[in-house]
Amino acid sequence: LNWQREKEKRNAAFKAIEYVEEGMVLGLGTGTTVYYFLKALGKEIKESHFKIKCVPSSVETEKIAREFGIPLTTLQEERVLDLTVDGADEVDKAFNLIKGGGGALLREKLLASNSKKEIIIVDSSKLVEKLGGFPLPVEVVQFGVELTKRKLEGLGAKVEHRRKEGELFVTDNGNYILDCQFAAIEEPKKLETIINLIPGVVENGLFVGLVDMVLVGEGDEVKVLKKGKGK
Ligand code: 5RP
């Protein structure tokens, strides 16, 4: 464990609490950075008694949120979220992201697309000049996975079928993840669209134009990056 990095994640997560307001409906991302946010949020709810409702982006986040006493709801009940707080695997200067390292990209993208505001919390190692150093996670249906894999390779990626503890990794939605190593991704929007046109692809981890604010833990500080400013 890299303690400096953990501190940066925790600081960024704590900072995000400042943007949570009474009565909000909140989307909850997934991952180790979000874990710190959930912990802080649970504490805040207990101490300040403020009322919020949250939609989790994964079975894992749902479980952790319950443990921390965070009230949960669903996208059936709440169609618009006031704010979603999530992590990322890479963030570029235009606030485009690669997500899905934890395999929750599909539900995370649904929350981001239906949220009035999206705040991303990261440690400083996640900031990049260009996306693509981190292999792009692509969620695909199990049926015909080898053919889908070949189509992705046809786009120039080196493709790995994701495994967990030796077994093929299965998402909360019953799908597989193909991790696609491209060279630097020059046109994220274009690649996002092209990948999603392949039959068998459910969604990919490129998030383009969905983020309003990035909170970056850097040493002992947290940098607040807002869209159009400070970039
Ligand atoms: C899960 C994600 C995570 O937000 C991403 O993998 C970052 O995780 P961590 O905070 O553990 O580094 O996209 O699907």
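Our structure's up above, just so we're on the same page.
First, a word on what this report is: a plain description of the structure on this page. Keep in mind the model is a prediction, meaning the values are calculated, not measured.

### Brief notes about unusual backbone geometry
At His 49, a position not held by glycine, the phi torsion is positive, near 55°. Within the secondary structure, His 49 sits in the loop between helix H2 (32–48) and strand S2 (53–56). According to the relative accessible area criterion, His 49 is exposed, its value standing at 61%.

### Brief notes about the site of the ligand
Residues in close proximity to the ligand total 17 residues, the closest being Thr 32, Thr 33, Asp 89, Gly 100 and Lys 126. Between the ligand and the protein, one listed contact pairs an oxygen atom with a side-chain N or O atom of Thr 32 at 2.5 Å. Note that an oxygen atom of the ligand is positioned 3.0 Å from one of the backbone N or O atoms of Ala 104. Those elements that place two or more of their residues in the shell around the ligand are H2 and helix H4 (105–113). Residue composition of the shell around the ligand, grouped by class: three nonpolar, nine polar and five charged.

### Here's the deal with empty space enclosed by the protein
Gaps between atoms show up when a probe of the same size as a water molecule is rolled over them. Tallying each qualifying case throughout the model produces one cavity of 30 Å³ or more. Roughly 30 Å³ of internal volume is contained in the largest cavity. Lining the largest cavity are Ser 57, Gly 103, Ala 104, Leu 105, Leu 106, Arg 107, Glu 139, Asp 172 and Asn 173. Here the lining of the largest cavity gets three residues from one element, more than from any other, and that element is H4.

### As for the packing of helix H1 (residues 3–16) against H2
Two elements in contact, H1 and H2, have axes separated by 8 Å at closest approach and are oriented at 45°. What the angle tells us is that H1 and H2 run oblique. Our pair here, H1 against H2, has a crossing hand that is right-handed. Contacts between H1 and H2 involve Glu 6, Lys 9, Arg 10, Ala 13, Phe 14 and Ala 16 on the former and, on the latter, Thr 32, Thr 33, Tyr 36, Phe 37 and Ala 40. Looking at the contact of H1 with H2, its residues break down into six nonpolar, two polar and three charged.

### Things to note about the pattern of salt bridges
In total, this model carries 21 salt bridges according to the counting rule given. Note that Arg 66 is salt-bridged to Glu 62, the shortest N-O span being 2.7 Å. With a gap of four residues between them, Arg 66 and Glu 62 both fall in helix H3 (residues 59–67), about one helical turn apart. Residue classification places Arg 66 among the exposed positions, given a relative accessible area of 54%. Judged by relative accessible area, which is 30%, Glu 62 ranks as partly exposed. Here Glu 153 and Lys 149 are joined by a salt bridge, their closest N and O atoms 3.6 Å apart. Note that Glu 153 and Lys 149 are positioned in helix H5 (residues 145–154) at a spacing of four residues, about one turn of the helix. Owing to a relative accessible area of 33%, Glu 153 belongs among the partly exposed residues under this scheme. Where salt bridges share partners, they join Lys 109, Lys 189, Glu 192 and Glu 203 into one cluster.

### What about the layout of surface pockets?
Taken as a whole, the largest pocket spans an internal volume of roughly 360 Å³. What lines the largest pocket is a set of 20 residues, and nearest its centre among them are Gly 31, Thr 32, Ala 88, Asp 89 and Lys 126. Those elements giving two or more residues to the lining of the largest pocket turn out to be H1 and H2. Counted by class, the lining of the largest pocket contains two nonpolar, 10 polar and eight charged residues.

### Describing the sheet that holds strand S5 (residues 97–98)
The strand order S4-S5-S13 describes an open sheet built from three strands, whose pairing is antiparallel. Of all strands in the sheet, those bounded by a partner on one side alone are strand S4 (90–91) and strand S13 (206–207). Direction of pairing for S4 relative to S5: antiparallel, over a ladder of two bridges. When the sheet's bridge partners are listed, Val 91 is paired in S5 with Leu 97.

Definitions and cut-offs
Residues numbered from 1 in each chain as written. Predicted model: local features only at pLDDT ≥ 70, side-chain atom pairs only at ≥ 80, totals over all residues. Heavy atoms only, no water. Helix = DSSP H or I, 4+ residues; strand = E, 2+ residues; numbered from the N terminus. Buried < 20%, exposed > 50% of the residue type's maximum accessible area, 1.4 Å probe, protein only. Near = heavy atom within 4 Å. Polar contact = N/O pair within 3.5 Å; in protein donor to acceptor, adjacent residues only side chain to side chain. Nonpolar A, V, L, I, M, F, W, Y, C, P; charged D, E, K, R; others polar. 1 Å grid on protein atoms, 1.4 Å probe; cavity = no way out; pocket = protein on both sides within 12 Å on 5 of 7 lines; lining within 4 Å. Points joined across faces, edges and corners; volume = space filled by probe spheres on them. Axes fitted to C-alpha atoms, helices over the stretch in contact; angles between N-to-C directions. Parallel < 35°, antiparallel > 145°, perpendicular 65-115°, else oblique. Left-handed = near helix turned anticlockwise from the far one by under 90°. Contact = heavy atoms within 4.5 Å. Salt bridge = Lys/Arg side-chain N within 4 Å of Asp/Glu carboxyl O. Pairing = 2+ DSSP bridges.

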